[in-house]
Amino acid sequence: MTVPKRYAELVALIAISCTLFLFLHTQSLTSRLREMEDRLQPPSFAALSLTFNHPHDHLHHHELIGNLHHTYNYLKSTGQMHSLKATELNNTRRAEIPIIFFNRVPKVGSQTFMELLRRLAVRNDYTFHRDVVQRLEVIRLSPERQQELAEMVMDLPVPSVYVKHVCYTNFTRFGLPMPIYVNMVRDPVERIISWYYYVRAPWYYVERKQAFPDLPLPDPRWLKKDFETCVLQGDPECTYSQNAVHEGIGDHRRQTLFFCGHGEECLPFNGVGALERAKYAVESQYAVVGVLEDLNTTLTVLEKYVPRFFSGASSVYFNEVNMLQKINKNSFKPPVSEEIKDLVRRNFTREIEFYQFCKQRLYKQYLATQLPLK
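Conventions and cut-offs
Residues numbered from 1 in each chain as written. Predicted model: local features only at pLDDT ≥ 70, side-chain atom pairs only at ≥ 80, totals over all residues. Heavy atoms only, no water. Helix = DSSP H or I, 4+ residues; strand = E, 2+ residues; numbered from the N terminus. Buried < 20%, exposed > 50% of the residue type's maximum accessible area, 1.4 Å probe, protein only. Contact = heavy atoms within 4.5 Å. Areas by Shrake-Rupley, 256 points an atom, 1.4 Å probe, with all protein chains shown as cover. Polar contact = N/O pair within 3.5 Å; in protein donor to acceptor, adjacent residues only side chain to side chain. Disulfide = S-S within 2.5 Å. Phe/Tyr/Trp six-rings, centres within 6.5 Å; stacked < 30°, edge-to-face > 60°. Lys NZ or Arg CZ within 6 Å of the ring centre and 35° of its normal. Expected span 1.5 Å × (residues − 1). Axes fitted to C-alpha atoms, helices over the stretch in contact; angles between N-to-C directions. Parallel < 35°, antiparallel > 145°, perpendicular 65-115°, else oblique. Left-handed = near helix turned anticlockwise from the far one by under 90°. Core = buried A, V, L, I, M, F, W, Y, C linked by side-chain atoms within 4.5 Å. pLDDT = per-residue confidence, 0-100. Arc of directions from axis to C-beta. Salt bridge = Lys/Arg side-chain N within 4 Å of Asp/Glu carboxyl O.

**Some details on the overall build of the protein chain**
Thought 1: Counting its secondary structure elements, the protein chain contains 17 helices and five strands.
Thought 2: Within the protein chain, buried positions represent 49% of all 374 residues.
Thought 3: Across the protein chain, the fraction of contacts at a sequence separation of at least 24, relative to all contacts at a separation of at least 6, is 77%.
Thought 4: Here the protein chain displays about 18,600 Å² of accessible surface, and carbon together with sulfur accounts for 55% of that area.

Okay, here's the thing in structure tokens:
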């Protein structure tokens, strides 16, 4: 008897789901212990010598507090603290049209952030728009397609929010007004681990097959390959060669690429040129670049610097945190040892530098709002 093709595919999907479900049993205890450890850390802002009007300080991780404290001490010791001005750190004032462009980086909590924007649209009276799901996500566009994208965004009603996985696009290049750019970043190594298991999650392929029925099923051996083995065996997928310009489809190892732009000079992985261009774009074009590991500070800065769109963001997020945090949460991602992470970090030096740069800028923006007006 001949088995129908769709029935065979369904059986294969069920088999993949059952196999990967075993990942849950390898991570449960470790994950719970780490969560308990984080909750028990006693954060304190007393050492900052500032009064912090932060409604959710108790949710900060101790390392992030240390980073904020370090930023404050550095600025104070170099005489920069008292010269901080929120107006000079806010690129919202340079935008020429009330449209938010969230050119979202994958695996930085962007699904949750997108849902937050959708909910704030009702509260703050703007329209929400997002790109359609694509069979192949193309983030680097030709000049012609960049112009088409810019013109499409400019045709949206104002005020609006538009969301798309795409590299930073310079609207003024096409004689169009600049929107308000926002984005999120994440620890680069944690991000690529998240991506590694995201594209191996059974529900990911179920959703993809529903959207694109003719997509072939992946090799089960590829699906079952864990990240640590991939790194230790020198698999090309987990090698992260310096200045490499070729990457597999959907391999988003370059966080800087989303800020550097569409040019060829942005392609070399962990390259100096891409790093500097990405830094410049963040400093000169982005209103706020938030940090996934510190949503408290991120939301506070967004409320202060882009109030037209983000007023009430902390309240909406934290009052519905249990539901929002489940969006795109991957229960099939097992823990990865710190030894493996440290090994991978050696090849992500400039990507890490960019992440730290964005984090320091966010903290400078936050600290500037705590100073008395001059």
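**Brief notes about the side chain of N103**
Thought 1: Of note, N103 is situated in the loop between β1 (99-102) and α4 (110-124).
Thought 2: A distance of 3.0 Å separates a polar atom in the side chain of N103 from the backbone oxygen of F258.
Thought 3: When residues no more than four places from it in sequence are discounted, the contact partners of N103 are K164, V166, C167, Y168, Y181, V182, N183, F258 and Y286.

**Some points on the state of the cysteines**
Thought 1: Within the structure shown, the criterion is met by two disulfides.
Thought 2: Residue pairing for C230: its cysteine sulfur links by disulfide to C238, the two sulfurs lying 2.0 Å apart. When the S-S torsion is 100°, as for the bridge of C230 with C238, the disulfide is right-handed.
Thought 3: Judged by relative accessible area, which is 0%, C230 ranks as buried.
Thought 4: Ordering the disulfide-forming cysteines of the protein chain by sequence position, one finds them joined as 1-2, 3-4.

**Here's the deal with the packing of aromatic side chains**
Thought 1: For the structure shown, the criterion picks out 18 aromatic pairs.
Thought 2: Aromatic pair F102 and F113: ring centres 4.8 Å apart, planes at 70°, arrangement edge-to-face. Of this pair, F102 sits in strand β1 while F113 sits in helix α4, placing them 11 residues apart in sequence.
Thought 3: Residue classification places F113 among the buried positions, given a relative accessible area of 5%.
Thought 4: Seen from their ring centres, Y240 and F348 are 5.1 Å apart, and the 65° between their planes marks the pair as edge-to-face. Taken together, the residues span a long stretch of sequence, with Y240 in the loop between α9 (227-232) and α10 (257-260) and F348 in the loop between α16 (338-345) and α17 (349-370) at a distance of 108 residues.
Thought 5: On the basis of relative accessible area, F348 is assigned to the buried category, the value being 0%.
Thought 6: Here the aromatic cluster, defined as three or more aromatic residues joined through ring pairs, consists of F101, Y162, Y168, F171, Y181, F259, Y286 and F354.
Thought 7: Note that K107 overlies the ring of Y198, its terminal NZ or CZ placed 3.9 Å from the centroid.

**Examining helix α11 (residues 272-285)**
Thought 1: For α11, spanning 14 residues, the distance from its first C-alpha to its last is 20 Å, which sits close to the expected 20 Å at 1.5 Å a residue.
Thought 2: Along α11, the residues classified as buried are A274, L275, A278, K279, A281, V282 and S284.
Thought 3: The elements touched by buried residues of α11 are α10, β5 (286-291) and α17.

**Description of the packing of α11 against α17**
Thought 1: At a minimum axis separation of 10 Å, α11 and α17 run at an interaxial angle of 15°. By the angle class used here, α11 and α17 are roughly parallel. Crossing of α11 over α17 shows right-handed handedness. Side by side, α11 and α17 meet where V272, L275, A278, K279, V282 and E283 of the first sit next to R350, E353, F354, F357, C358 and R361 of the second.

**A closer look at the nonpolar core**
Thought 1: L117, V153, F171, F259, V306 and F310 are the most contacted members of the largest nonpolar core, which has 79 residues in total.
Thought 2: No other element matches α17, which puts nine residues into this core.
Thought 3: Contact partners of L117, with chain neighbours within four places excluded, come to F102, Y126, F128, V161, V163 and F310.
Thought 4: Counting residues in hydrophobic clusters, the runner-up holds 16 residues, among them I193, Y196, Y197 and I352.

**Overview of the confidence of the model for the protein chain**
Thought 1: The predicted model of the protein chain has a mean per-residue pLDDT of 82, with 77% of residues at 70 or higher.
Thought 2: For the stretch residues 22-62, pLDDT sits under 50, and the model shows 56 contacts to residues farther than four places along the chain or on other chains.

**Digging into α16**
Thought 1: For α16, the complete set of buried residues consists of I340, K341 and V344. Considered in projection along α16, the buried side chains sweep an arc of 100° and stay on one side of the axis.
Thought 2: As for α16, its buried residues are in contact with α6 (188-198) and α9.

**Things to note about the pattern of salt bridges**
Thought 1: If you walk through the whole model with that rule in mind, you get 14 salt bridges.
Thought 2: Where R118 meets E115, a salt bridge forms, and the shortest distance between an N and an O atom there is 3.3 Å. Residue R118 and its partner E115 are both found in helix α4; the two are separated by three residues, about one turn of the helix.
Thought 3: Look at E115 and you get buried, because its relative accessible area is 18%.
Thought 4: Salt bridges here are not isolated pairs; linked through shared partners, they connect R200, K225, D235 and E237.

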